[in-house]
Amino acid sequence: MKHFRVSFLVTLLCLIGAGWWGYSHSGVAGALSAVGIAVILGVMEVSLSFDNAVVNASVLKTWDKFWQSLFLGVGILIAVFGMRLLFPLVIVAQAADLGMVEVWNLALNDPNAYSMHLTNHHAEVAAFGGIFLLLVFLNFLLDDEKELHWLGHWEEKLGALGKISSVSVMLALAALMGSLTMIEEGRKLVVLTAGLWGVLTYVGVDVISSLLEKEEEGGASVGDLVKRGGIGGFLYLEVLDASFSFDGVIGAFAITKDVVIIMLGLAIGAMFVRSLTVFLVRKGTLDEFVFLEHGAHYAIGILAVIMLASMKFHIPELFTGLIGVAFILASLWSSVRHKRKQGTLEVGGLKQEAA
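Residues numbered from 1 in each chain as written. Predicted model: local features only at pLDDT ≥ 70, side-chain atom pairs only at ≥ 80, totals over all residues. Heavy atoms only, no water.

A separate point is the overall build of the chain. The secondary structure content of the chain amounts to 14 helices and zero strands. Mapped from its N terminus to its C terminus, the chain presents α and β elements in the order α-α-α-α-α-α-α-α-α-α-α-α-α-α. Counting all 355 residues of the chain, 50% fall into the buried class. Look at the contacts in the chain between residues 6 or more apart in sequence, and 76% of them connect residues 24 or more apart. Summed over its atoms, the accessible surface of the chain is roughly 17,100 Å², and 66% of this surface lies on carbon and sulfur atoms. (Helix = DSSP H or I, 4+ residues; strand = E, 2+ residues; numbered from the N terminus. Buried < 20%, exposed > 50% of the residue type's maximum accessible area, 1.4 Å probe, protein only. Contact = heavy atoms within 4.5 Å. Areas by Shrake-Rupley, 256 points an atom, 1.4 Å probe, with all protein chains shown as cover.)

The subject of this paragraph is the packing of aromatic side chains. The tally for this structure, following the rule as stated, stands at eight aromatic pairs. Ring plane angle 65° and centroid distance 5.4 Å describe the contact between Phe137 and Tyr298, whose orientation is recorded as edge-to-face. Here Phe137 is found in helix α5 (residues 122–141), whereas its partner Tyr298 is found in helix α13 (residues 292–309), with 161 residues between them in sequence. The rings of Phe4, Phe8, Phe272 and Phe279 are connected pair by pair, giving a single aromatic cluster. (Phe/Tyr/Trp six-rings, centres within 6.5 Å; stacked < 30°, edge-to-face > 60°.)

This next bit is on the nonpolar core. Among the nonpolar cores identified, the biggest contains 91 residues, and Tyr114, Leu237 and Met311 are the most heavily contacted of them. Residue contributions to this core peak at 15 residues, all from helix α11 (residues 259–283). Residue contacts for Tyr114: discarding those within four places in its chain leaves Pro88, Leu89, Val92, Val103, Leu106, Ala107, Phe253 and Val259. (Core = buried A, V, L, I, M, F, W, Y, C linked by side-chain atoms within 4.5 Å.)

Quick look at the pattern of salt bridges now. Per the stated rule, a full pass over the model turns up three salt bridges. With a shortest N-O distance of 3.7 Å, Arg187 and Glu184 are connected by a salt bridge. When its relative accessible area of 46% is taken as the criterion, Glu184 is described as partly exposed. (Salt bridge = Lys/Arg side-chain N within 4 Å of Asp/Glu carboxyl O.)

On to helix α3 (residues 100–109), then. Among the residues of α3, those classed as buried are Val103, Leu106 and Ala107. End-on view of α3: buried residues confined to an arc of 100°, all on one side of the axis. With respect to the buried face of α3, the exposed residues turned more than 90 degrees away are Val101 and Asn109. (Arc of directions from axis to C-beta.)

Glancing now at the side chain of Thr11. Note on placement: Thr11 falls in helix α1 (residues 5–60). The exposure class of Thr11 is buried, given its relative accessible area of 14%. Beyond its immediate stretch of four places on either side in the chain, Thr11 contacts Ile268 and Phe272.

Looking now at the confidence of the model for the chain. Segments scoring low in pLDDT should not have their predicted coordinates read at a detailed level. When pLDDT is averaged along the chain, the result is 77, and 84% of the positions lie at 70 or above. Low confidence marks residues 214–223, where pLDDT is under 50. Its contacts with residues over four positions away, or in another chain, come to ten contacts. This stretch, residues 346–355, has a pLDDT under 50; its non-local contacts, to residues over four places away or in other chains, come to zero contacts. (pLDDT = per-residue confidence, 0-100.)

Okay, structure coming up:
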């Protein structure tokens, strides 16, 4: 419970802030409504980003204390204020050709117009985030050096494709080109550009990692370098967190148009995701439940597909959150079964030796 103390404190402060904001606009009824919506948004954010916490933990567990603390400290400020508040403002500012102060005033005084500008550019956001997350999933799946395979022989066969250089980028670009068929002709170029930026961002983080991180072992892959901490790894996790937050920010406007309540509610969720990440790292949960990381990456793959599909189809946030949780629970159950099986084999081996 100690890992979640700060999150509960932040939750209390955010709910007080939401209550005050609602009361200042609509009295007691407004305060109760604002608090309720903030709680709903917090729960939604946790359900959408639970797999994010698992992947974060799988990377952070290999880092030293300095970089762990930097990501969990500075990173939360970027996650809450940068991605949940500032980034949507930047999107609207670019779309409406307005200054940041004007956009902030628009968000406070005319939330319907603000949300309209934001949702009108959902396709570009989905293309960037979806392609980035797809690359995260593909580089995990198509890893010929991975020894443990959750889904058995066929996953091992797919992993062997990782021997082919840049196969993940090729598949991601193919998915991007395919998704353009869902976009009207006049917007295809801007969506394509956004998706290409997703590819460039992922590859760029790998390049930075290879340049700035010192190899600890000969022949280490770029993916290994990302996971050793440092500037490259920090950027990787921040962009990954940003890609997860896109869906939550856009989806939040289906619940409320009040940008202040959205920020407070999503901040609650973001804090619990960070606390969950710390819990998983400190307790060594990923070492104990060996398929948990696999389930999280498959959930990321499904989320990437959902984000790309959402450029044309409306997909309920409840479905998005539940399917991610379903993969996590399935991988958790598989981990327990694997652990029991290994325990049985060990006991059997001891008996044979004793005989």
